[in-house]
Amino acid sequence: MLSNLQQQPADALLALIKLFDADPRADKIDLGVGVYRTGQGDTPVFGAIKAAERKLVAEQDSKAYLGPEGDMGFVTALMPYIFGKGSPDMGGRIEGMQTPGGTGSLRLALAMVKRAGYSRVIVGKPSWPNHNQICADLGLAVSEFNHAGADGKPDMDAIRAAVAGAAEGDCILLHGCCHNPTGIDYSNAQWDEIAGLVAEAKLLPIIDLAYQGLGLGMEEDAYGLRRVLVAVPEALIAYSCDKNFGLYRDRVGALYAMVSDPTELGRVMSNGHNLARASWSQPPDHGAAAVRLVLEDETLTAQWLDELDQMRDRMRQVRAILAAAGKVGGVDLAPVGGQNGLFSIIPFTPDQVQEMRSRHGIYFAGSGRINVAGLTTANIQNFIDATAEVTGVKVTG
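Here goes a summary of the coordinates provided. Note that the coordinates shown come from a computational prediction; the quantities given were computed from them, not determined experimentally.

Overview of the environment of Gln303
And then number 1: With respect to the helices, strands and loops of the structure, Gln303 is situated in helix α12 (residues 298–325).
And then number 2: Owing to a relative accessible area of 30%, Gln303 belongs among the partly exposed residues under this scheme.
And then number 3: Leaving out residues up to four positions away in the same chain, Gln303 has contacts with Gly47 and Ala48.

Overview of the sheet that holds strand β8 (residues 252–258)
And then number 1: A sheet is described by the order of its strands in space; here 7 strands give the open sequence β2-β8-β7-β6-β5-β3-β4, paired in mixed fashion. The sheet is open, and its two edges are formed by β2 (94–100) and β4 (141–146), each paired on a single side. The sheet shows a mean angle of 20 degrees between the axes of neighbouring strands, direction not considered.

So, the side chain of Asp170
And then number 1: With respect to the helices and strands, Asp170 occurs in the loop between α6 (156–164) and β5 (171–175).
And then number 2: For Asp170, a relative accessible area of 5% corresponds to the buried category.
And then number 3: Side-chain polar atoms of Asp170 contact the side chain of Arg120, separated by 2.6 Å.
And then number 4: There is a polar contact of 2.9 Å between the side chain of Asp170 and the backbone nitrogen of Ala167.

Thoughts on the packing of aromatic side chains
And then number 1: Going through the model one piece at a time under the given rule, you end up with 7 aromatic pairs.
And then number 2: Centroid distance Phe348 to Phe364: 5.0 Å. Interplanar angle 35 degrees. Geometry classified as tilted. On the criterion of sequence distance, the pair formed by Phe348 in the loop between β11 (343–345) and α13 (350–360) and Phe364 in the loop between β12 (362–363) and β13 (369–371) is long-range, its members being 16 residues apart. Exposure class is identical for Phe348 and Phe364. Each is buried.
And then number 3: Here a set of aromatic residues connected by ring pairs shows up, and it is made of Tyr81, Phe245 and Trp304.
And then number 4: Stacked on the ring of Phe20, the Lys or Arg Lys28 has its end atom at 4.4 Å from the ring centre.
And then number 5: A cation sits over an aromatic face here: Arg369 above Phe343, 3.8 Å from the ring centre.

A short note on the packing of helix α11 (residues 286–296) against α12
And then number 1: Where α11 contacts α12, the axes come no closer than 5 Å and their chain directions differ by 105 degrees. Here α11 is positioned roughly perpendicular relative to α12, judged by the angle of their axes. Facing α11, whose interface residues are Leu293, Val294, Leu295 and Glu296, α12 presents Glu298, Leu300, Thr301 and Trp304.

Here's the deal with the side chain of Gln212
And then number 1: Within the secondary structure, Gln212 sits in the loop between β6 (204–209) and α8 (218–221).
And then number 2: Polar contacts involving the side chain of Gln212 include one to the main-chain carbonyl oxygen of Tyr81, which spans 2.8 Å.
And then number 3: Among the polar contacts listed, one links the side chain of Gln212 to the side chain of Tyr239, at a separation of 2.7 Å.
And then number 4: Gln212 has contacts with Tyr81, Ile82, Cys177, Met218, Asp221, Ala222, Tyr239, Asn244 and Leu308, leaving out every residue within four places of it along the chain.

Calculation criteria
- Residues numbered from 1 in each chain as written.
- Predicted model: local features only at pLDDT ≥ 70, side-chain atom pairs only at ≥ 80, totals over all residues.
- Heavy atoms only, no water.
- Helix = DSSP H or I, 4+ residues; strand = E, 2+ residues; numbered from the N terminus.
- Buried < 20%, exposed > 50% of the residue type's maximum accessible area, 1.4 Å probe, protein only.
- Contact = heavy atoms within 4.5 Å.
- Pairing = 2+ DSSP bridges.
- Axes fitted to C-alpha atoms, helices over the stretch in contact; angles between N-to-C directions.
- Polar contact = N/O pair within 3.5 Å; in protein donor to acceptor, adjacent residues only side chain to side chain.
- Phe/Tyr/Trp six-rings, centres within 6.5 Å; stacked < 30°, edge-to-face > 60°.
- Lys NZ or Arg CZ within 6 Å of the ring centre and 35° of its normal.
- Parallel < 35°, antiparallel > 145°, perpendicular 65-115°, else oblique.

As structure tokens, this is what we get:
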């Protein structure tokens, strides 16, 4: 009976959006929702996507179903950017399918490992909340390790211990780049070590690559994924185009599977198709078709990469300003300069998070995660000054 359903807590981020919208102050700052913003505070549609959409409207001759695998032209066109131009299918060992966003690809990946007989996923903490939430919904156990230390660097001892304590048949979920929520990424040398550890422990890696191109560059941000894939026989890769093509509401993603024997690929992917059919049947087409058209046209590809470079450069400029502020009040903003992507965690206490909202109209997650793209030349000093005031030592009496 429906009356047996229990009230579920509201999503914290969605609740934060409502709080921000209800705040009447003209100088309020939204650092919560994870979308890119320009220096004027807008989240625009890429010019390359607009051009592809015009082409799509003019040339698309049908809206008939494509099947649970979606637009395979889109799936294939992405592969050289993800896996490298030399042999993007690793000698016939990699195949993919379209999904509704990165969340859809993660859900499908975790459902596939559950069906394959895996029961536990090793996850660094903090992580994107949906990682653990999807695992819980599927009945997968989660074993956590600390992703980063107090020094703001990856905690390699923690991941070494987590892998050493794993059982054969465990999975490990890794952020490919632009770690959400910390922005703290592994160096190339650390990825080299992680690849060896995962291979030696015979773990199945699930790599979440949701922000390729927003960290150091399209090629640079793929280093960790490619290094792991060279070391292991099997892997699942969850990919999102929501950020690097600005297609948030169109929900554009892909799931790729790598197997040890190319003859097994069809059987593995048949399970992905079967699970997708039972979940969403077929993925939405429009956004993926637009990406395919961009990647099939050299001029549009160049335009897209240029727009992506501009996004990345702006976020690096914001990070540089925060880092230059150094220690303000009771927190040090310098580490933000060496982090990547949309997010960083500032060590605010829960009371300080509330004070930033109530006194200064600055909204971000209760964990202290901020979206650096929400800062502009017009408001960044306000954020720095508010941080100094709220986290500074208060003298009373």
